[in-house]
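So you can see what is in the structure, the chains are spelled out below.
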Amino acid sequence: MPRAKLPSRGIGSTDAYRRLKRLYQGDRDRAFRDLYKIPSRGDDEPSRIIPFNINNLQKALSLDIDRAIAMNARYSLDKQLKMIVGKQRRGGVSSYLTAFAHWECNFFDHSEAVIIAHVEDTADVMMTFAQGFGQHWPTEQQDAAKEWMKERIDNTSAGYIKWGNGSVLRVGSAGGRSIKGGRSTFELLTEYAWYSDYEP
């Protein structure tokens, strides 16, 4: 679940870096269209890397996220609004929210995203998705982002991605790989009903 209130953000030192952050900080769906790619899901053909084009369900989810963020900002809620998404299988909700976590860590300094899957195998799949979101950027954007992308550390076995801008994305599982410490600006808990206590 995305947390609505985000920490204050820094910006990079180079002009290209600043332009890239200004362009995509305020328009995550454009960032997904321009930069992000995902593996295809054709059951009868080998998986291939394709553009991350937002489907109608993901567009509706994006609008709901923006409404939640706006409501938290407007009313200064003591406890921030959280979202529970009852979703169909293979509709792209987990993919979209994993991309959201990656986008936040990329373009907002000192973000901390946490993704908890219900089993270890699913955690590995989501970690692979998260890693892939940063591996297929066009050359121009990749060059502009090198100030922090070159310092990115992927560690699938430990379940995290760290950026040079101070951000980190951690992936764990409810019954296996644990996540300890830190403070999160974004949380995604899959199979929500599995949890007896969802509070951090």
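This is a predicted model, so every value here is computed, not measured. (Residues numbered from 1 in each chain as written. Predicted model: local features only at pLDDT ≥ 70, side-chain atom pairs only at ≥ 80, totals over all residues. Heavy atoms only, no water.)

A. Quick peek at the nonpolar core. Ranked by size, the top nonpolar core spans 39 residues in total, and within it Tyr36, Phe52, Phe107 and Leu169 carry the most contacts. Listed by contribution, the elements that provide at least two residues to this core are α1 (15-25), α2 (28-35), α3 (56-75), α4 (93-107), β3 (112-117), α5 (120-132), β6 (168-173) and β7 (186-189). No other element matches α4, which puts nine residues into this core. Among residues more than four places away in sequence, those in contact with Leu169 are Ala101, His102, Cys105, Ala113, Ile115, Ala130, Gly159, Tyr160, Ile161 and Trp163. (Core = buried A, V, L, I, M, F, W, Y, C linked by side-chain atoms within 4.5 Å. Buried < 20%, exposed > 50% of the residue type's maximum accessible area, 1.4 Å probe, protein only. Helix = DSSP H or I, 4+ residues; strand = E, 2+ residues; numbered from the N terminus. Contact = heavy atoms within 4.5 Å.)

B. Summary view of the environment of Thr185. Within the element layout of this structure, Thr185 appears in the loop between β6 and β7. Using a relative accessible area of 3% as the deciding quantity, one classes Thr185 as buried. Engagement of the side chain of Thr185 in a polar contact is seen with the side chain of Glu104, the distance being 2.3 Å. (Polar contact = N/O pair within 3.5 Å; in protein donor to acceptor, adjacent residues only side chain to side chain.)

C. Region of interest: the packing of aromatic side chains. Applying the stated rule across the entire model yields 12 aromatic pairs. On the numbers, 5.8 Å between centres and 35° between planes, the contact of Phe52 with Phe133 is tilted. You can see Phe52 sitting in the loop between β2 (49-51) and α3 and its partner Phe133 sitting in the loop between α5 and α6 (139-144), a full 81 residues away along the chain. In this pair, the class of Phe52 matches that of Phe133, namely buried. Among the aromatic residues, those joined into a ring-pair cluster are Tyr24, Phe32, Tyr36, Phe52, Tyr96, Phe107, Phe129, Phe133 and Trp137. Over the ring of Trp103 we find Arg28; its NZ or CZ atom is 5.9 Å from the centre of that ring. Here the guanidinium or amino end of Lys162 rests over the ring plane of Tyr160, the centre of that ring lying 5.2 Å away. (Phe/Tyr/Trp six-rings, centres within 6.5 Å; stacked < 30°, edge-to-face > 60°. Lys NZ or Arg CZ within 6 Å of the ring centre and 35° of its normal.)

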